[in-house]
Amino acid sequence: VVIYGKDTCPYTSDAREAYAGQGFAVDYRNVKKSARDLDEMLRHSKGQRKVPVIVEDGKVTIGYGGT
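Residues numbered from 1 in each chain as written. Predicted model: local features only at pLDDT ≥ 70, side-chain atom pairs only at ≥ 80, totals over all residues. Heavy atoms only, no water.

Colleague: Can you lay out the pairing of strand E1 (residues 2-5) for me, pointing to particular residues and giving the numbers?
Modeller: Each regular strand shows side chains that alternate between the opposite faces of the sheet. Burial along E1 is two-sided: Val 2 and Tyr 4 and Ile 3 and Gly 5, pointing in opposite directions, are all buried. In this view, the connection linking E1 to its parallel neighbour strand E2 (residues 27-30) by way of helix H1 (residues 10-21) has right-handed handedness. Bridging between E1 and strand E3 (residues 53-56) involves 3 bridges; their strand directions are antiparallel. Paired with Val 2 across the bridge in E3 is Val 55. (Buried < 20%, exposed > 50% of the residue type's maximum accessible area, 1.4 Å probe, protein only. Helix = DSSP H or I, 4+ residues; strand = E, 2+ residues; numbered from the N terminus. Right-handed = clockwise from strand over helix to strand, strands pointing away. Pairing = 2+ DSSP bridges.)

Structure (structure tokens):
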């Protein structure tokens, strides 16, 4: 699972913890620190700047609500 987000976003932190807790290997990409990762995130999210953007087996989820 690839999670694009920011260190300061509580939803990003929650998503990372939840996926890791379910046994997923989480590849976290901080879009504030890497322009390349931000560009990738924007491609997945079709330009939306809402984080986190979660990519799981090709399925893209924008935002995280703990479900």
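Alright, that's what it looks like, and here's the rest.
Colleague: Describe the packing of aromatic side chains, listing the residues and the values that go with them.
Modeller: Scanning the model with the defined rule gives 2 aromatic pairs in all. Ring geometry for Tyr 19 against Phe 24: centres 5.3 Å apart, planes inclined by 65°, an arrangement best described as edge-to-face. A relative accessible area of 12% means that Tyr 19 is categorised as buried. Judged by centre distance (6.5 Å) and plane angle (55°), the rings of Tyr 19 and Tyr 64 are tilted. Of the two residues, Tyr 19 is situated in helix H1 and Tyr 64 in the segment after strand E4 (59-62); the sequence distance between them amounts to 45 residues. Taken together through their ring pairs, the aromatic side chains of Tyr 19, Phe 24 and Tyr 64 make up a single cluster. (Phe/Tyr/Trp six-rings, centres within 6.5 Å; stacked < 30°, edge-to-face > 60°.)

Colleague: Please set out the pattern of salt bridges residue by residue, giving values where relevant.
Modeller: By the definition in use, this model includes 5 salt bridges. Arg 36 is paired through a salt bridge with Asp 37; the nearest N and O atoms lie 3.9 Å apart. Here Arg 36 falls in the exposed class, since its relative accessible area comes to 56%. Of the charged contacts, one joins Arg 36 and Glu 40 as a salt bridge, the two residues approaching to 3.1 Å between their closest N and O atoms. You can see Arg 36 and its partner Glu 40 sitting in helix H2 (residues 35-44), 4 residues apart, about one turn around the helix. For Glu 40, a relative accessible area of 14% translates into the label buried. (Salt bridge = Lys/Arg side-chain N within 4 Å of Asp/Glu carboxyl O.)

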